[in-house]
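# Fold and geometry: a report
Given next are the chains, with one letter for each unit.
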Amino acid sequence: MKHLVALLVLCAVSIAPSLAQAKSDTLYQELGAQQGISDLMTTFVLEIAEDERVIHHFENVDIDRFHRMLSLHLCELTGGPCTYTGADMVEVHRGMAITRAEFNAVVEDLIAAMEAEGVPTATQNKLLARLAELHGEIVAR
Amino acid sequence: MTKHNMIKLYPRTWRSWLFMAALLTGSQAYAGDGKLLATGAVTSIEGAGGGGIVPWATTASYAEKGEWGFTVNGNFADVDDFQLGVQSLNVTYGNRIEMSYAQQRLGLNTIGGDLQQQIYGLKVRLSGDLVYGDLPQISLGLQHKRNTTFALPQAVGAADDSGTDIYLSAAKAWLAGPFERTWVANLTLRATKANQLGLLGFGGDKNDDYEAMAEASLGMFVNRHWLIGAEYRQKPDNLGFAKEYDWRDIFVGWFPNKSVALVVAYVDLKSIAGLPDQTGAYASLQISF
């Protein structure tokens, strides 16, 4: 009996960290890890480029750097093995006077990109829920 | 007052609605679509943006801050002994103020004749947001109702031919709720004296005071375009001639794009005016500009 308990404890101890690990990077994996996120962000940037409602905010943006920073930020936000090195969302959007409608337009561009990339609804929802938390930092008050 | 009147009533009504729709289409340049798909909800049977039988804290149409929005709506319910037809118009500004006008007609198939009323609605979003932030969207609303067929309501004990409902609603969406689906919930508290929405007048021999009624809706988005859910609406019981019961429904909503929303439902209205087992089908169509 003692051995059985010890065995169970040992199992629990050895499984727990891997469970925590699996949980924290699940969304990252669901999005297809580094490559999946990079592809999704490419489609997303193309959606934005065709969106007359918001394109004026991106006129002087270095698209390659934008794509790289987006991918890095998303990797970090979804629990991937990355560290976002860019400025925080408040600083990035300072002075841009982003409206609520413009924020929603970009959300729609992301949804369109996820649909195009075949991201399942459940994964879409989890990503949108994480990004929705940034609303307060991005939209002008 | 039978089928003859029904036929006479509807062509004239629908012509005027089509005219209004044409006018609204012309003003589309001023209308906005800054809200996310389905976040303007649909239009309830009293003309307010909401579910089917419950007004929600959401404002109708897709108008965001600084934008105008318009909706034109038709609702229809067919239960054992009654048919309810509603046409309504809704004007919204800036996800802040919603004004609505609705006309309701209840056909009394078994008893004969019909009951009609007009509803003037106003709703103001007080705080919060349906999607963003932790707090729910909270709105305060009014519905001023004028019954234009008061002879029958008066005969069964109704006190007034007009009345005003006041309601407070809270609504919240969870983007990734249970089953990793997007969920939406709304709770409405209404102070009312209306008998069967007001179609049987306001106040009565049994009770002539305002009472607080709870109304709730819960829905789950299967994907971006399909919403399934259920509603419950508590009702007052002011008339001695027949007990008034709470209403409930289960619904499927379809949001193919930001111009159209379609709902079909199964409604259980219990007993109305003493006629039991009023269950049946419900449908509503919303056109947004």
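Our subject is the structure that appears above.
Here is a short report on the structure shown in this document. (Residues numbered from 1 in each chain as written. Chains lettered and ligands numbered in written order. Predicted model: local features only at pLDDT ≥ 70, side-chain atom pairs only at ≥ 80, totals over all residues. Heavy atoms only, no water.)

What follows covers the packing of aromatic side chains. Residues and elements named next belong to chain B. Under the counting rule described, the total for this entry stands at seven aromatic pairs over all chains. Relative to tryptophan 254, the ring of tryptophan 226 lies with its centre 5.7 Å away and its plane at 25 degrees, an arrangement referred to as stacked. With tryptophan 226 in strand 13 (residues 226–233) and tryptophan 254 in strand 14 (residues 247–254), the pair connects residues that are 28 residues apart, well separated along the chain. Exposure remark for tryptophan 226: the relative accessible area of 38% places this residue in the partly exposed category. Classification of tryptophan 254 by relative accessible area gives partly exposed; the value is 34%. Just above the ring of tyrosine 245 sits the side chain of lysine 243; from NZ or CZ to the centre is 5.2 Å. (Phe/Tyr/Trp six-rings, centres within 6.5 Å; stacked < 30°, edge-to-face > 60°. Helix = DSSP H or I, 4+ residues; strand = E, 2+ residues; numbered from the N terminus. Buried < 20%, exposed > 50% of the residue type's maximum accessible area, 1.4 Å probe, protein only. Lys NZ or Arg CZ within 6 Å of the ring centre and 35° of its normal.)

Another aspect to go through is the interface of chain A and chain B. Counting residues at the interface gives 18 residues for chain A, matched by 20 residues for chain B. Between chain A and chain B, a total of about 1600 Å² is buried, with carbon and sulfur atoms accounting for 53% of that surface. Per-residue buried area on chain A facing chain B is highest for Arg100, Asn104 and Asn125 of chain A; these three make up 35% of the total on that side. Counting the contacts that link chain A with chain B gives four salt bridges. Lysine 126 of chain A serves as the salt-bridge partner of glutamate 180 of chain B, at 3.1 Å between the closest nitrogen and oxygen. Run the count over chain A and chain B and you get ten residue pairs in polar contact (both at pLDDT 80 or more). (Contact = heavy atoms within 4.5 Å. Buried area = accessible area lost by both parts, 1.4 Å probe. Salt bridge = Lys/Arg side-chain N within 4 Å of Asp/Glu carboxyl O. Polar contact = N/O pair within 3.5 Å; in protein donor to acceptor, adjacent residues only side chain to side chain.)

On to helix 6 (residues 100–116) of chain A, then. All names here are of chain A. Compared with an ideal rise of 1.5 Å per residue, which puts 17 residues at 24 Å, helix 6 spans 24 Å between its outermost C-alpha atoms and is within 8% of the ideal. For helix 6, the buried fraction is high: 13 of the 17 residues fall into the buried class. Directly beyond the C-terminal end of helix 6, a positive phi value near 70 degrees is found at glycine 118. (Expected span 1.5 Å × (residues − 1).)

Our next topic: the packing of helix 3 (residues 33–49) of chain A against helix 4 (residues 63–77) of chain A. All names here are of chain A. The interhelical angle for the contact between helix 3 and helix 4, taken along N-to-C directions, is 130 degrees, at an axis separation of 9 Å. As the angle between them shows, helix 3 and helix 4 are arranged oblique. The two elements helix 3 and helix 4 meet at a crossing, and its hand is right-handed. Across from Gln34, Ile37, Ser38, Met41, Thr42, Phe44, Val45 and Ile48 in helix 3, the residues of helix 4 making contact are Ile63, Phe66, His67, Leu70, Ser71, Leu74 and Cys75. Residue composition of the contact of helix 3 with helix 4, by class: ten nonpolar, five polar and no charged. (Axes fitted to C-alpha atoms, helices over the stretch in contact; angles between N-to-C directions. Parallel < 35°, antiparallel > 145°, perpendicular 65-115°, else oblique. Left-handed = near helix turned anticlockwise from the far one by under 90°. Nonpolar A, V, L, I, M, F, W, Y, C, P; charged D, E, K, R; others polar.)

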